[in-house]
Amino acid sequence: MSLIITETQNAIGTIVMNHVAKRNALSEALIGEITTALDGFREQAIRAVVLRAPAGTKVWSAGHDVSELPSGGRDPLGWSDPLRVLIRAIQEFPAPVLALIEGGVWGGACEVAMGCDILVATPEATFAITPAKLGVPYNLGGLLTVMNMIPLPVAKEMLFTAQPIPVSQALNLGVVNYVRPADEIESFVHGLAESIVANSPLSISVMKEELRLLSSARSITPELFERIQGLRRIVYDSQDYQEGIAAFSEKRKPRFLGR
Ligand code: YXS
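What counts, and where the lines are drawn
- Residues numbered from 1 in each chain as written.
- Predicted model: local features only at pLDDT ≥ 70, side-chain atom pairs only at ≥ 80, totals over all residues.
- Heavy atoms only, no water.
- UniProt positions renumbered as here; feature names shortened; annotations may be inferred.
- 1 Å grid on protein atoms, 1.4 Å probe; cavity = no way out; pocket = protein on both sides within 12 Å on 5 of 7 lines; lining within 4 Å.
- Points joined across faces, edges and corners; volume = space filled by probe spheres on them.
- Helix = DSSP H or I, 4+ residues; strand = E, 2+ residues; numbered from the N terminus.
- Nonpolar A, V, L, I, M, F, W, Y, C, P; charged D, E, K, R; others polar.
- Buried < 20%, exposed > 50% of the residue type's maximum accessible area, 1.4 Å probe, protein only.
- Pairing = 2+ DSSP bridges.
- Contact = heavy atoms within 4.5 Å.
- Axes fitted to C-alpha atoms, helices over the stretch in contact; angles between N-to-C directions.
- Polar contact = N/O pair within 3.5 Å; in protein donor to acceptor, adjacent residues only side chain to side chain.
- Near = heavy atom within 4 Å.
- Areas by Shrake-Rupley, 256 points an atom, 1.4 Å probe, with all protein chains shown as cover.
- Sits in = over half its atoms within 2 Å of the grid points.

- By the naming in an unreviewed UniProt entry, the protein chain goes by Enoyl-CoA hydratase/isomerase and is assigned to Accumulibacter regalis.
- Under the UniProt heading Sequence similarities (unreviewed entry), the entry covering the protein chain gives this text: "Belongs to the enoyl-CoA hydratase/isomerase family."

## Notes on the layout of surface pockets
Then, number 1: The computed volume of the second largest pocket comes to approximately 790 Å³.
Then, number 2: When contributions to the lining of the second largest pocket are tallied by element, the ones reaching two or more residues are α4 (131–134) and α11 (239–249).
Then, number 3: It is α11 that provides the largest number of residues to the lining of the second largest pocket, a total of four residues.
Then, number 4: Grouping the constituent residues of the lining of the second largest pocket by class yields 14 nonpolar, eight polar and seven charged.

## A look at the pairing of strand β5 (residues 97–101)
Then, number 1: Along β5, five of the five residues are buried, which leaves the element largely enclosed by surrounding structure.
Then, number 2: Across the two faces of β5 the burial is the same, with Val 97, Ala 99 and Ile 101 and Leu 98 and Leu 100 all buried.
Then, number 3: With three bridges connecting them, strand β3 (residues 48–52) and β5 associate as parallel partners. Each residue of the ladder has a partner; that of Val 50, found in β5, is Leu 98.
Then, number 4: Here β5 pairs with strand β7 (residues 118–121) via four bridges, running parallel. By the bridge assignment, Ala 99 is partnered in β7 with Leu 119.

## Some details on the sheet that holds strand β8 (residues 126–128)
Then, number 1: Reading across from one edge, β4-β6-β8-β9 is the order of the four strands in this open sheet, with mixed pairing throughout. Of all strands in the sheet, those bounded by a partner on one side alone are β4 (59–61) and β9 (165–166).
Then, number 2: Sheet topology places β8 next to β9; two bridges connect them, and they run antiparallel. Residue pairing for β9: Thr 126 is matched across the bridge by Pro 166.
Then, number 3: Across the sheet, helix α3 (residues 108–115) touches β4, β6 (104–106) and β8, and the angle it forms with β6 is around 105 degrees.

## Regarding helix α2 (residues 82–92)
Then, number 1: When we look at burial in α2, the residues that qualify are Pro 82, Leu 83, Arg 84, Leu 86, Ile 87, Arg 88 and Ile 90.
Then, number 2: The secondary structure elements touched by the buried residues of α2 are α1 (28–43), β3, β5, α3, α5 (140–149) and α9 (201–215).
Then, number 3: With a side-chain oxygen positioned 2.9 Å from the backbone nitrogen of Leu 83, the residue opening α2 is Asp 81.

## Details of the site of the ligand
Then, number 1: As a structural note, the neighbourhood of the ligand is formed by 21 residues, with Arg 23, Ala 62, His 64, Val 66 and Gly 108 the closest of them.
Then, number 2: Between the ligand and His 64, the relevant distance is 2.9 Å, taken from an oxygen atom to a main-chain nitrogen or oxygen of the residue.
Then, number 3: Coverage of the ligand by the protein amounts to 70% of the 1000 Å² it exposes when considered alone.
Then, number 4: The pocket occupied by the ligand, as judged from atoms lying within 2 Å of grid points, is the second largest pocket.
Then, number 5: Looking at the shell around the ligand, the element that brings in the most residues is α4, giving three residues.
Then, number 6: Looking at the shell around the ligand residue by residue, the class counts come to 11 nonpolar, five polar and five charged.

Now the structure itself:
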């Protein structure tokens, strides 16, 4: 059974993440279907993509599939991790991807949403960036996505508390473009997509790629990169990392000891 529903109409492609039983946890299987759908949209010269969950959902996505995180000794968010693959696929797709957000957005799903080009959410949407809740050392590119979207004090609050922020705060921060009620959001997002489709796809795809390259342009010395990777390794090699994953699967609160 497919984990997504796709539709194309007037050069607009829609992907509905539909693994409701697992709250659209971003498993390798779900991500594989999404990236395959994006490949198909690219071949069809789709000019705008809408990424969403089923209408009325309480959870847009529960983030990385925790059961697929490595048990330790390996970077849980390395280059080829499915979550990283999905975020790059969205950011490198040659047309705008619009996130239609209803419900809670958790963990790595926040970065998926923030990797989209335009975000429209319902008043009930929330955003929680949760690596600290699991003992995960978020990766360099992921933190750059967060830093490019959220002022540092709020990014730190979200990363350090792992608590959800309301969509009103996300709108104030400019993380979300618009907030629309559930009974209006679909037609509103479709209207935005139609206005994009009416413009030059070449101009838009090149400007999207220019903005991606410019927003990720940072001078990082080899020493800085190696120091950051060494720090991250301390975390994913730690007992706390093991405890975070175990606590999640055992459905209990973690007891972090700082080692
Ligand atoms: O018990 P069953 O088998 O029915 O499965 C349950 C959950 O275990 C499963 N599920 C997940 N499985 C793998 N990975 C997940 N992230 C995940 N989230 C949920 O889905 C079934 C239904 O979940 P349940 O009963 O909790 O649903 P609910 O409606 O009561 O609560 C929905 C949520 C989203 C509030 C709750 O499921 C939740 O708090 N999920 C975890 C959210 C989270 O912490 N995500 C971060 C994942 S780690 C990640 O994204 C990055 C690595 S990082 O941490 O760095 O940001």
